[in-house]
Amino acid sequence: MVLTMAELSNISTIKELLLKNGVSLSKSLGQNFLINPSVCPRMAEQCGSEATNDASGVLEIGPGIGVLTKELAKSFKKVVAIELDSRLPKILAQTLAEFSNFKLIQGDVLKLDLKRILAEEFADCSRVFICANLPYYITSPIIMAVLEQRLPVEALTVMVQKEAAERICARVGTRACGAVTLAVHYYAEPKLLFNVSRGSFMPAPNVDSAVIRLDIRKAPPFELKDEKMFFSLIKAGFGQRRKTLLNSLSAGTGMAKQELEKAFAACDIKGSSRAEELSLEQFASLANFLYMGD
Ligand code: SAM
């Protein structure tokens, strides 16, 4: 029997499907399945399928029983999904039976070679996107892996905790931002798409969520002499955010205050500044100056 996306969002149908296949939900795999039927069409529509008049592909991570997968399969030329739980492929074979453009890879997304998978699976796609509703504890590692490995995708759309979404999408230079805000802004242009209440999941988590989209930059926003230096300054700067930048940088990097003061002056940064007040470009010029200085 072919189940529609709306049916796959229905609590009784999900319970029956799981029971029939002898599967119980795993807390350790973060299996909070979507039961709000309005979420998946919005995610599928906004994750890049506006581009699907051509040959676009999408990599989904953590398809569960396939509720979002179905929506993606309707609008993308090809959908490849990576699911860790070895009990779910037999359910996905049923729920996605009508789609010949769907392929499942069973494995741990944190251990797989995503670059190779993207190259092999989407060789005939002109544009590739990632879309995922993941367990929260692997969301940050996945976001950073996609960005740092510079995976060849146009955008990454993920469900994250609401607070994490606000932090990632905060405007650089405001109090709401943190080290992650700057790291993400360096690689991508983040956008908070919409909020999702905790009641949209079964079982309901303790926190509300939001869907964010990161549009990956085609080129870095500025030239860095040493990316490592740039990121270590950001990490140190926000490590002790109640201190002034001068103190937190000196404590976090071990650099002498005198050397830092020279760099601050050269980059026109006030000694009393705090990490959250700096722009991405100011961190970049500091990193470039300090790189040249040693
Ligand atoms: N996409 C479905 C939905 O929206 O209802 C399921 C979302 S559920 C929050 C997360 C899914 O990720 C589960 O199916 C879980 O088994 C899977 N998962 C957990 N850890 C994973 C990993 N390391 N690699 C791949 N999939 C994983």
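Thresholds applied
Residues numbered from 1 in each chain as written. Predicted model: local features only at pLDDT ≥ 70, side-chain atom pairs only at ≥ 80, totals over all residues. Heavy atoms only, no water. Helix = DSSP H or I, 4+ residues; strand = E, 2+ residues; numbered from the N terminus. Buried < 20%, exposed > 50% of the residue type's maximum accessible area, 1.4 Å probe, protein only. Phe/Tyr/Trp six-rings, centres within 6.5 Å; stacked < 30°, edge-to-face > 60°. Lys NZ or Arg CZ within 6 Å of the ring centre and 35° of its normal. Pairing = 2+ DSSP bridges. Axes fitted to C-alpha atoms, helices over the stretch in contact; angles between N-to-C directions. Contact = heavy atoms within 4.5 Å. Near = heavy atom within 4 Å. Polar contact = N/O pair within 3.5 Å; in protein donor to acceptor, adjacent residues only side chain to side chain. Areas by Shrake-Rupley, 256 points an atom, 1.4 Å probe, with all protein chains shown as cover. 1 Å grid on protein atoms, 1.4 Å probe; cavity = no way out; pocket = protein on both sides within 12 Å on 5 of 7 lines; lining within 4 Å. Sits in = over half its atoms within 2 Å of the grid points. Nonpolar A, V, L, I, M, F, W, Y, C, P; charged D, E, K, R; others polar. Domains from an automatic or database assignment. Buried area = accessible area lost by both parts, 1.4 Å probe. Points joined across faces, edges and corners; volume = space filled by probe spheres on them. Salt bridge = Lys/Arg side-chain N within 4 Å of Asp/Glu carboxyl O.

## Comments concerning the environment of Ala219
Item 1. Take Ala219: it is sitting in the loop between strand E9 (209–216) and helix H10 (227–239).
Item 2. On the accessibility criterion, Ala219 (48% relative accessible area) is partly exposed.

## Thoughts on the packing of aromatic side chains
Note on aromatic pairs: each is described by the distance of the centres and the angle between the planes.
Item 1. This model, assessed by the stated rule, comprises 9 aromatic pairs.
Item 2. Seen from their ring centres, Tyr187 and Phe231 are 5.8 Å apart, and the 10° between their planes marks the pair as stacked. Taken together, the residues Tyr187 in helix H9 (residues 179–187) and Phe231 in helix H10 connect sequence positions 44 residues apart.
Item 3. Judged by its relative accessible area of 8%, Tyr187 is buried.
Item 4. Ring-pair connections join several aromatic residues into one group, and the members of that group are Tyr186, Tyr187, Phe222, Phe230 and Phe231.
Item 5. Here the basic side chain of Arg42 rests over the ring of Phe194, its NZ or CZ set 4.0 Å away from the ring centre.

## Points about the sheet that holds strand E7 (residues 188–196)
Backbone-to-backbone hydrogen bonds pair the strands of a sheet. The strands run either parallel or antiparallel.
Item 1. Strand order in this open sheet of 7 strands is E4-E3-E2-E5-E6-E9-E7, and the pairing throughout is mixed. In the strand order of this sheet, the two ends are held by strand E4 (102–106) and E7, each with one partner. With direction set aside, neighbouring strand axes in the sheet form an average angle of 20°.
Item 2. Two strands pair when backbone bridges link them, and strand E6 (residues 155–161) and E9 are joined in this way by 7 bridges, in the antiparallel orientation. In the sheet register, Met159 faces E9, and the bridge partner there is Val211.
Item 3. Against the sheet, helix H6 (residues 114–121) makes contact with strand E2 (56–61), strand E3 (78–83), E4 and strand E5 (127–133), and its axis sits at roughly 150° relative to E3, the strand it touches most.
Item 4. Contacting E2, E5, E6, E7 and E9, helix H7 (residues 136–148) runs over the sheet at an angle of about 155° to E6.

## A short note on the site of the ligand
Item 1. The local shell around the ligand holds 22 residues, among which Leu34, Gly62, Glu83, Asp108 and Asn133 are the closest.
Item 2. Gly64 places a polar main-chain atom, nitrogen or oxygen, 3.3 Å from an oxygen atom of the ligand.
Item 3. Residue Asp108 places a side-chain N or O atom 2.8 Å away from a nitrogen atom belonging to the ligand.
Item 4. Across the complex, the protein chains shield 98% of the 600 Å² of accessible surface that the ligand would expose by itself.
Item 5. Judged by its atoms lying within 2 Å of the grid points, the ligand is housed in the largest pocket.
Item 6. Counting residues per element, the ones that place at least two in the shell around the ligand are strand E1 (33–34) and E3.
Item 7. Looking at the shell around the ligand residue by residue, the class counts come to 11 nonpolar, 7 polar and 4 charged.

## What to know about the domain arrangement of the chain
Item 1. Domain boundaries assigned for the chain yield domain 1 (5–216) and domain 2 (227–293).
Item 2. On a C-alpha basis, the centroid separation for the pair domain 1 and domain 2 is 35 Å.
Item 3. In this assembly, 14 residues from domain 1 lie in contact with 12 residues from domain 2.
Item 4. Surface buried jointly by domain 1 and domain 2 totals about 1000 Å² across both partners, of which 64% is contributed by carbon and sulfur atoms.
Item 5. Its largest share of buried area at the contact with domain 2, domain 1 owes to Ala179, Leu182 and Tyr186, together 45% of the area lost on that side.

## Thoughts on the layout of surface pockets
A water-sized probe, rolled over the atoms, reveals where empty space remains.
Item 1. Space inside the largest pocket adds up to approximately 670 Å³.
Item 2. Around the largest pocket, the lining is made up of 35 residues, and of these Leu29, Gly30, Gln31, Asn32 and Pro135 lie nearest the centre.
Item 3. Elements represented by at least two residues in the lining of the largest pocket include exactly E1, E2, helix H4 (67–75), E3 and H7.
Item 4. Of the residues forming the lining of the largest pocket, the biggest block, 3 residues, is contributed by H7.
Item 5. Taken together, the residues of the lining of the largest pocket break down into 21 nonpolar, 9 polar and 5 charged.

## Section: the pattern of salt bridges
Item 1. Evaluation of the coordinates by the stated rule reveals 16 salt bridges.
Item 2. A salt bridge links Glu120 to Arg116; its shortest N-O distance comes to 3.0 Å. Here Glu120 and its partner Arg116 are both found in helix H6, 4 residues apart, which amounts to about one turn of the helix.
Item 3. With a closest N to O distance of 3.7 Å, Glu189 and Arg217 form a salt bridge. Note that Glu189 is positioned in strand E7 and Arg217 in the loop between E9 and H10, a separation of 28 residues in sequence.
Item 4. Under the relative-accessibility criterion, Glu189 is labelled partly exposed at 48%.
Item 5. One network of salt bridges, in which partners are shared, links Lys78, Lys103 and Glu121.

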